Every structure is written in C-alpha cells, then in structure tokens.
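Notes for the structure review
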2 protein chains.
Amino acid sequence: MCSEPKPLRPSRWSQQRTEQIADCRVFEVRRHDLRRDRDGKEGSFYVIHAGDWVNVVGTTTNDEILLVRQYRYGIGDFTWEVPGGVIERGEDSVAAGERELQEETGFIGSGARKIGVCRPNPAIFNNTCHFVSIDKIREDHPTDWDEHEEIETKLVPVDEVLAMLRQGAFSHAMTQAALLHFFIDRDQVGSPAPR
Amino acid sequence: MCSEPKPLRPSRWSQQRTEQIADCRVFEVRRHDLRRDRDGKEGSFYVIHAGDWVNVVGTTTNDEILLVRQYRYGIGDFTWEVPGGVIERGEDSVAAGERELQEETGFIGSGARKIGVCRPNPAIFNNTCHFVSIDKIREDHPTDWDEHEEIETKLVPVDEVLAMLRQGAFSHAMTQAALLHFFIDRDQVGSPAPR
C-alpha cells in the first residue's frame, strides 16, 4: 500500500524561550517554545519540572518485600506501593533510597544499590526515577513522616508480591517499574515458566 | 526500639474545594483543598488532570515487537518506546490502542486485548494508562501523525527487546510497564532463568 515516506530519523528541537506557568510546590509547570532543527517549525509544549524520585525494593532475610499503603490525592484512593519519595537536591539516589525507606517505614538494611532507572514521562516530565534495592531490612528506627503522611507497612513474601503483581494489585507505574527491575535483577524475567 | 504507634490504616481525605491553576492543553493543573476524615486536618494538593493513555505491544507472526522512536520535549531527547497516545473521551481503551498503532505506525493487527493497566502517578495524576496487546501486526495503512509528530519505527525480535530492556534502552516508565505486562501475559516473569 502507498504510504508517505518516513523521515530516516525524527528531528531534534531547540528551545527558544521558556516561561513558568505554575508553581505547584512539588512540581513546576513551564511552557517551552521550541523550534524544530530540520525545518524551523515552531511549537509550544508544556513541561512539568520536578525533582528526581527514588523507589526502594527492600527485602528481608526471609525473602519478603516491604510494601506501604497510603492515601493518594491524585486518584483519591489508597494504593499498595514500594516505599519512595523525592531525592533532595545534590543527594545521591542510593542514599536517598535508604533515607526514604527509614523515614517512611522505620526500616534499615544493607547492600543498597541501584537496580534501574526510568523517565516517569519523557513527553511531559523532565525528571528521572531511580530504583534501589536494599537487602536484610529490619525495623529499627522510628518513622519520620512528612506533615500529611500516614503510612501502613506490610512484609510480603516475594512469591506473593509476584502473585499480587499478576492480579493487578499494584496500580502505581513507579511500583510496577520498580518490581520489573527487581525481577530483572534476580534474572526472573524472560525465561519460560515451569510447566 | 521505641516507635510512635502506627495507625492501623491510613485515613481517607474529602475534597472541600478545587480550583484550576493552569490549562496546559494536554493536561490541566488543579489545586484540591482536602480535609482528612479522621481528624479534620486540612491540606492543599496539586493534581494534574489528564485524559487516559494507552500503550500498545504489537507483535508480528515472527515474534517481533514494533518499537517507535521520537523526540520527547519533556526530557529534550529521543526515546525508543512502544506506540501509544491519549484515549479520546468515551473511546474504548482497546479500540484506542488499535487507532494509535495505526495512526503512529501504519500497522494494523488482530486479537487486540487488554493486558494490564497502571496509574501513571497516583500522588499527582488522576488518570489511568491501559496496556493493549495486538497480534499479527503488519504495515498496511499510511500513518496519520499529529502536527508535530515524526515517528521512526522498527521491528525487533522479542528476545532482543528483552535484552534492550535489561540494558536500560527503554527509559519511558509506560513502556517499561507495558513490557512488564507483556512478559507477565506470556508467563515469563518470576520463573528462574535457565542456567
């Protein structure tokens, strides 16, 4: 069938101007006026500027994963997630994962390391989300919640977390991605399941 | 160690007022003034209202996945992703997946079905992203790009897509989640890899 020719590669765009549209505390909305390098075509696009995020898959020596449940204002409902939060300016992402785990749940562990990364939405967000694995976690510190936080915690065996994932129990895209990287890290993605 | 008592369950919040902060074409930012049901504590939170999204994992009869590459304004760089877009008001999510696949890539297929769903960010977004699988895809129609779209397409064998995923080639969280649901649907998550 006849189809219009596709460009070999999409073009890059260069920023001409940028203007703040709204300051929303945990993010800022800016309008970017861009020009396409190939042909000078102009367009304005809204971009949400936010700090980088970190999500933590913490496991106990019994191969349980620590889950948190909280009320989420965006959807107006409760979610089960892995712990996480905003990385402070200049803070290392792995250190931020350890801090968020401790603040939200009171758990600490060892062997914290990066297992993956994503861009939450490259079309409209400028930020990055880091995924951190922490081993041998155990309840140790008191929690240190932000003003509006109330966080329920639960330790769930890895196999049950996988069953919950299959059943759609984790709605948050960052938690789905965190668990994807966790199972990739354990070499448990892509092989055929036992019959 | 002494720890403050945790509430058995986090509390729900009720909306008192809402106000539009910014209209950004593909999304709207609103401030929600909420009150916590348990104790009447008040707080204001910014929520991004957006239409629902759909992402499509399309496979050929040769077990290849169709990938798209485009310039993304949020991060100011190119990304490899699975095709996707915004579901129109009242449109069925599976039908939207078929439409987006055809418009972005010119491919059509059969057996389109839902394989998963996520909330892109329950903390600050109100919307849902649907994941759709389409089989036996083939190039058929001309593309029908939006005004600023330029989309490169590539068919990649499923095993290579998995290798790309492991290597971090897919930054977009929605693409990572789409592939997670695709591999869950194929029963390829959670089993030990062959040694």
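Look above for the structure.
A brief structural summary. For clarity, every value in this text was computed on a predicted model and none was experimentally measured. Position numbers for residues start from 1 in each chain and track the written sequence from start to end. Here chains are named by letter from A upward and ligands by number from 1 upward, in the order in which they appear as written. At least 70 in pLDDT is required for a residue's local features to be given in this predicted model, at least 80 for side-chain atom pairs to be given and counted, and no such filter applies to totals for whole chains, interfaces and linings, which use all residues. For side-chain calculations, the full set of non-hydrogen atoms in the structure is used, while hydrogens and water are omitted.

So, about the overall build of chain A. For chain A, the helix and strand inventory stands at 3 helices and 10 strands. Reading the helices (α) and strands (β) of chain A from amino to carboxyl end gives β-β-β-β-β-β-β-α-β-β-β-α-α. In terms of principal-axis extent, the alpha carbons of chain A reach across some 60 × 50 × 30 Å. Whether a residue is buried, partly exposed or exposed follows from its accessible area with a 1.4 Å probe, protein chains only, as a fraction of its type maximum: under 20%, in between, or over 50%, in that order. Burial status across chain A gives 56% buried among its 195 residues. We count Lys and Arg on the positive side and Asp and Glu on the negative side, and we leave His and both chain ends out. To locate a charge, take atom NZ for lysine, CZ for arginine, CG for aspartate or CD for glutamate. Averaging the coordinates of the 24 positive side-chain charges in chain A and doing the same for the 33 negative ones gives two points 11 Å apart. Secondary structure counts use DSSP, requiring at least four H or I residues in a row for a helix and at least two E residues in a row for a strand, with both numbered from the N terminus.

All names here are of chain A. Taken together, the 3 strands give an open sheet; going across it, the order is S1-S2-S3, and neighbouring strands pair in antiparallel fashion. If you trace the sheet from one side to the other, it starts and ends with strand S1 (13–23) and strand S3 (42–50), each paired once. Looking at each pair of strands side by side, their axes are set apart by 25 degrees on average, direction ignored. Pairing of S1 with strand S2 (residues 27–36) involves 9 bridges; the strand directions are antiparallel. Within S2, the position partnered with Glu19 by the bridge is Arg31. By definition, two strands form a pair when at least two bridges between them are found by DSSP. Each axis is a line fitted through C-alpha atoms, and for a helix only the stretch in contact is used; angles between axes span 0 to 180 degrees, taken between their N-to-C directions.

On to the interface of chain A and chain B, then. Listed as interface residues are 89 residues of chain A and, on the opposing side, 89 residues of chain B. The term buried area refers to how much accessible surface (probe radius 1.4 Å) is lost by two components on association, counted for both of them together. When the two sides are added together, the surface that chain A and chain B hide from each other amounts to roughly 8000 Å², 59% of it contributed by carbon and sulfur. Salt-bridge detection follows one rule: a side-chain nitrogen of Lys or Arg within 4 Å of a carboxyl oxygen of Asp or Glu. The tally of links between chain A and chain B comes to 12 salt bridges. Between Glu150(B) and Arg38(A) there is a salt bridge, with the nearest N and O atoms lying 2.6 Å from each other. Broken down by class, the residue content of the side of chain A that touches chain B amounts to 45 nonpolar, 22 polar and 22 charged. A contact between two residues is defined here by any heavy atoms of the two lying within 4.5 Å. Lys, Arg, Asp and Glu make up the charged group, whereas Ala, Val, Leu, Ile, Met, Phe, Trp, Tyr, Cys and Pro make up the nonpolar group; the residues left over, Gly among them, are polar.

The least-squares superposition of copies is restricted to C-alpha atoms, and to residues with a pLDDT of at least 70 in both copies. Overlaying chain A with chain B gives an RMSD of 0.0 Å, the required rotation being 180 degrees about an axis along which the chain moves by 0.0 Å. The transformation just described matches what one would write down for a two-fold rotation axis. For chain A, the minimum C-alpha distance to the rotation axis belongs to Val189(A) and amounts to 2.2 Å. Both copies contact each other with a shared surface, as 100% of the interface residues of chain A are interface residues in chain B too.

We now examine the packing of aromatic side chains. Only the six-membered ring of Trp is used, alongside the rings of Phe and Tyr, when aromatic pairs are assigned; centres must lie within 6.5 Å, and planes under 30 degrees apart are stacked while those over 60 apart are edge-to-face, with the rest tilted. By the definition in use, this model includes 15 aromatic pairs over all chains. Here the aromatic rings of Trp13(A) and Phe45(A) are separated by 5.5 Å at their centres, their planes lie at 85 degrees, and the arrangement is edge-to-face. Of the two residues, Trp13(A) is situated in strand S1 and Phe45(A) in strand S3; the sequence distance between them amounts to 32 residues. Of the residues examined, Trp13(A) reaches a relative accessible area of 5% and is grouped as buried. In this structure Phe45(A) comes out as buried when scored by relative accessible area, which is 9%. Considering the side-chain rings of Phe45(A) and Tyr73(B), the 3.6 Å spacing of their centres and the 15 degrees angle between planes classify their relative orientation as stacked. Here Phe45(A) is found in strand S3, whereas its partner Tyr73(B) is found in the loop between strand S5 (64–72) and strand S6 (77–81) on a different chain.

We now examine helix H2 (residues 158–166) of chain B. Considered for burial, the residues of H2(B) that qualify are Val158(B), Val161(B), Leu162(B), Met164(B) and Leu165(B). Projected down its long axis, H2(B) carries its buried residues within an arc of 160 degrees, all on one side. Elements in contact with the buried residues of H2(B): helix H3 (173–185) of chain A together with S5, strand S10 (152–157) and helix H3 (173–185) of chain B. Within two residues after H2(B), Gly168(B) carries a phi angle of roughly 85 degrees, on the positive side. By construction, the arc corresponds to the directions joining the helix axis to the C-beta atoms.

Another point: the sheet that holds strand S7 (residues 84–86) of chain B. Sheets are built from strands that pair by backbone hydrogen bonding, the pairs being arranged parallel or antiparallel. Residues and elements named next belong to chain B. One open sheet accounts for 4 strands, arranged S7-S4-S9-S8; its pairing is mixed. If you trace the sheet from one side to the other, it starts and ends with S7 and strand S8 (107–118), each paired once. When strand polarity is set aside, the average angle formed by the axes of neighbouring strands in this sheet is 25 degrees. Against the sheet, helix H1 (residues 93–105) engages strand S4 (53–58), S7, S8 and strand S9 (129–139), with an angle of about 125 degrees to S8.

Of the pairings in the sheet, the one linking strand S2 (residues 27–36) of chain B to strand S3 (residues 42–50) of chain B comprises 9 bridges and is antiparallel in character. Bridge pairing in S3(B) links Leu34(B) to Gly43(B).

Here we take up the side chain of Glu103(A). Tracing the sequence through the fold places Glu103(A) in helix H1 (residues 93–105). The residues contacting Glu103(A), other than those within four sequence positions of it, are Thr143(A), Asp144(A) and Trp145(A).

Turning next to H1(A). Residue and element names in this part refer to chain A. A helix is expected to reach a length of 1.5 Å times the quantity of its residues less one. Between its first and last C-alpha atoms H1 spans 18 Å; for 13 residues at 1.5 Å apiece the expected length is 18 Å, and the two agree. Along H1, the residues classified as buried are Ser93, Val94, Ala96, Gly97, Arg99, Glu100, Leu101, Gln102, Glu103, Glu104 and Thr105. Where H1 is buried, its residues contact strand S4 (53–58), strand S5 (64–72), strand S7 (84–86), strand S8 (107–118), strand S9 (129–139) and strand S10 (152–157). Between N or O atoms, a polar contact is any pair within 3.5 Å; within protein, one atom must be a potential hydrogen donor and the other a potential acceptor, and residues adjacent in sequence are included only when both atoms are from side chains. You can read the cap of H1 off the contacts: a side-chain oxygen lies 3.1 Å from the backbone nitrogen of Val94, and it is on Asp92. Downstream of H1 by one or two residues, Gly106 has phi in the positive range, about 80 degrees.

Moving on, we get to the pattern of salt bridges. Opposite charge on two side chains lets them pair, provided their charged atoms get close. The tally for this structure, following the rule as stated, stands at 44 salt bridges over all chains. Taking the shortest distance from any N to any O, the salt bridge between Glu28(A) and Arg30(A) comes out at 2.7 Å. Its relative accessible area of 21% is what places Glu28(A) among the partly exposed residues. A salt bridge links Asp39(B) to Arg36(B); the shortest N-O distance between them is 2.9 Å. On the accessibility criterion, Asp39(B) (40% relative accessible area) is partly exposed. Look at the salt bridges and you will find they share partners, linking Glu88(A), Glu91(A), Arg99(A), Glu100(A) and Glu103(A) into a network.

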